[in-house]
Amino acid sequence: MTTQSEQPREPAAGRRCNTQPISLDSLIAAHPDALEQIYATGRPADPAELGDAPRGRLLALHPTARVHLATRPLVSALASDWMPWKGNEFDHGGNSGTNVVFGSKVCRFKAQLAPSEVDGMPTLALTYGEKAFGNPWPVSALKDELRTVGNGFAIGPVLLRWQDRWRVVLWFGLARVH
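Residue indices follow the written sequence of each chain, beginning from 1 at its first position. Residues qualify for local features only when their pLDDT is at least 70, as the model is predicted, and side-chain atom pairs are given and counted only at 80 or more; totals for whole chains, interfaces and linings, by contrast, use all residues. Here the side-chain values reflect all heavy atoms present in the structure, with hydrogen atoms and water set aside.

S.K.: Give a description of the overall build of the protein that names residues and reports values.
M.R.: Secondary structure elements are defined from DSSP: runs of H or I of at least 4 residues count as helices, runs of E of at least 2 residues count as strands, and each element is numbered from the N terminus. Looking only at helices and strands, the protein has three helices and nine strands in total. Along its sequence from the N terminus, the protein presents helices and strands in the succession α-β-α-β-α-β-β-β-β-β-β-β. Burial statistics for the protein: of 178 residues in total, 45% are counted as buried. We call two residues contacting when some pair of their heavy atoms lies within 4.5 Å. Within the protein, contacts between residues at least 6 apart in sequence are counted, and of these 55% link residues at least 24 apart. With an accessible surface of roughly 9400 Å², the protein has 55% of that area assigned to carbon and sulfur atoms. Categorising residues by exposure relies on relative accessible area from a 1.4 Å probe, with only protein chains included: less than 20% of the type maximum marks a residue as buried, more than 50% marks it as exposed, and the intermediate range marks it as partly exposed. Areas reported here follow the Shrake-Rupley algorithm with a probe of radius 1.4 Å; residue values treat only the protein chains shown as occluding.

Written as structure tokens, this is what we have:
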């Protein structure tokens, strides 16, 4: 899947993004609000730029934003190399793929450009609800969004469809493996 080459956008009015991320790992345990600001400046991720099997990292747990400082050590531990989720593998020209957990390919997704549930701007949306994928609930009720925010890496929210509304559950990122 290829996307138009777009320049990063300016943050939404009234918001500033003071941090230009240098790597995906530099964003581990960042505050969800900071991640949302960085995400707003990105462009829709292009799977070709991330490679066939980008490495994944948990960045933040959204529901703990109000107690962020207390939960940073937990997020850092969950984001370490021992975490079972290792990232994604894209196939079919970047139009679909799977998550890699414990070295196995699980939880198929469809990848397509769509408006973000966070800010309405274009994003690469990974959706799990296709009946043919056979993903169980709650996986089938998830949507991942990705925007490129640095050279070879993208970040975005994981959203859960709950009570007819999309809710941000956590922030994650994918980085090209060199």
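Moving on from the model shown.
S.K.: Would you mind going over the pattern of salt bridges in detail, with residue names and values included?
M.R.: For side chains of opposite charge, pairing can occur when their charged atoms come near one another. The salt bridge criterion pairs a side-chain nitrogen of Lys or Arg with a carboxyl oxygen of Asp or Glu, the two atoms within 4 Å. With the rule as written, the count across this model stands at eight salt bridges. Asp91 serves as the salt-bridge partner of Arg108, at 3.5 Å between the closest nitrogen and oxygen. In this pair, Arg108 sits in strand β5 (residues 104–115) while Asp91 sits in strand β3 (residues 85–91), placing the two residues 17 residues apart along the sequence. Across the pair Glu117 and Lys143 runs a salt bridge whose closest N-O atoms are separated by 2.7 Å. Of this pair, Glu117 sits in the loop between β5 and β6 (122–127) while Lys143 sits in strand β7 (residues 142–150), and the two are 26 residues apart along the sequence. A cluster of three or more residues bridged by salt bridges with shared partners is formed by Asp25, Arg55 and Arg57.

S.K.: Outline the confidence of the model for the protein, supporting the account with residue identities and numerical values.
M.R.: Low-pLDDT portions of the prediction should not be read for the details of their coordinates. A score from 0 to 100, pLDDT tells how confident the predictor is in each residue. In this model, the protein carries a mean pLDDT of 86, and residues with pLDDT of at least 70 account for 87%. Within the model, the stretch residues 1–15 combines pLDDT values under 50 with 30 contacts to residues more than four positions away or in other chains.

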